[in-house]
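Chain residues, written in single-letter form:
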Amino acid sequence: QVQLVESGGGLVQAGGSLRLSCAASGRTFSGYTMGWFRQAPGKEREFVVLITWSGGITYYTDSVKGRFTISRDNAKSTVYLQMNSLKPEDTAVYYCAAGTGGSNYNKPVGYDYWGQGTQVTVSS
């Protein structure tokens with residue numbers, strides 16, 4: 001089992017920044033691909049970004065490229081999501097997830113463990 005706890009969400013004006021954190025506990029953290037997903041009201045959960053266990057590979061959905069940056073500190077069992085130039089359409093609950101990657105890297109089914117989510121609200 002891996003327990004994930006997100007933090008850092010909040011209310012920010014368009015153009016602002018937030019940094020989300022996801023702290024892991026339980027089983028070895030370093031072996032997992034870590035992903036961030038988000039879910040807006042009335043919409044399906046969508047993939048945002050992932051980082052492999054070594055940190056050597058990252059993959060971003062097109063809508064956040066150049067604005068969001070994922071990183072991880074395996075010594076602290078924590079993954080971060082730096083979000084800059086936020087837009088109202090980024091408003092959602094953001095979820096951290098841990099999994100083994102593979103062909104479902106951008107789908108919720110590709111991840112085994114999930115945090116409870118943190119709300120990000122971007123006002124116009």
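This is a predicted model, so every value here is computed, not measured. (Residues numbered from 1 in each chain as written. Predicted model: local features only at pLDDT ≥ 70, side-chain atom pairs only at ≥ 80, totals over all residues. Heavy atoms only, no water.)

*Asks:* Give me the lowdown on the state of the cysteines, citing residues and values where you can.
*Replies:* All told, the structure shown has one disulfide when counted by the stated rule. Linked covalently through their sulfurs, Cys-22 and Cys-96 form a disulfide whose S-S length is 2.0 Å. Between Cys-22 and Cys-96, the S-S dihedral sits near -75°, and the bridge is therefore left-handed. Of the two residues, Cys-22 sits in strand β3 (residues 18–26) while Cys-96 sits in strand β9 (residues 92–99), which places them 74 residues apart along the sequence. (Disulfide = S-S within 2.5 Å. Helix = DSSP H or I, 4+ residues; strand = E, 2+ residues; numbered from the N terminus.)

*Asks:* Explain the environment of Arg-72 residue by residue, including any values.
*Replies:* With respect to the helices and strands, Arg-72 occurs in strand β7 (residues 68–73). For Arg-72, a relative accessible area of 14% puts it in the buried group. It is 7.7 Å that separates the C-alpha atoms of Arg-72 and Ile-51, two residues lying 21 residues apart in sequence. The contacts of Arg-72, once residues within four sequence positions are left out, are Phe-29, Ser-30, Tyr-32, Thr-33, Met-34, Ile-51, Thr-52, Trp-53, Gly-55, Thr-78 and Val-79. At a separation of 2.8 Å, a polar atom in the side chain of Arg-72 contacts the main-chain carbonyl oxygen of Tyr-32. Polar contacts involving the side chain of Arg-72 include one to the side chain of Asn-74, which spans 2.8 Å. (Buried < 20%, exposed > 50% of the residue type's maximum accessible area, 1.4 Å probe, protein only. Contact = heavy atoms within 4.5 Å. Polar contact = N/O pair within 3.5 Å; in protein donor to acceptor, adjacent residues only side chain to side chain.)

*Asks:* Now, about the packing of aromatic side chains: what can you tell me, with residues and values included?
*Replies:* For the coordinates displayed, the defined rule picks out nine aromatic pairs. For the ring pair Phe-37 and Tyr-111, a centre distance of 5.2 Å and an interplane angle of 80° mean the geometry is edge-to-face. A residue pair is termed long-range when its members are at least 10 positions apart, and Phe-37 in strand β4 (residues 33–39) and Tyr-111 in strand β10 (residues 111–114) qualify at 74 residues. Pair check on accessibility: Phe-37 and Tyr-111 agree, each one buried. Here Tyr-111 falls in the buried class, since its relative accessible area comes to 4%. The ring of Tyr-80 has Arg-19 sitting right over it, with the charged end atom 4.1 Å from the ring centre. The ring of Tyr-95 is capped by Arg-45, whose NZ or CZ atom sits 3.7 Å from the centre of that ring. (Phe/Tyr/Trp six-rings, centres within 6.5 Å; stacked < 30°, edge-to-face > 60°. Lys NZ or Arg CZ within 6 Å of the ring centre and 35° of its normal.)

*Asks:* Tell me about the environment of Glu-46, and name the residues and values.
*Replies:* For Glu-46, the position within the fold is in strand β5 (residues 46–51). Leave out the neighbours within four places in its chain, and Glu-46 touches Phe-37 and Arg-38. A polar side-chain atom of Glu-46 sits 2.6 Å from a polar atom in the side chain of Arg-38.

*Asks:* Lay out the sheet that holds strand β1 (residues 2–7) with the relevant residues and their values.
*Replies:* The four strands are arranged β1-β3-β8-β7 in an open sheet whose pairing can be described as antiparallel. Unpaired on one side and paired on the other, β1 and β7 mark the two borders of the sheet. Across the sheet, the axes of successive neighbouring strands diverge by a mean angle of 15°, strand direction being ignored. The pairing of β3 with strand β8 (residues 78–83) spans six bridges and is antiparallel. Opposite Ala-23, over in β8, you have Thr-78 as the bridge partner. (Pairing = 2+ DSSP bridges. Axes fitted to C-alpha atoms, helices over the stretch in contact; angles between N-to-C directions.)

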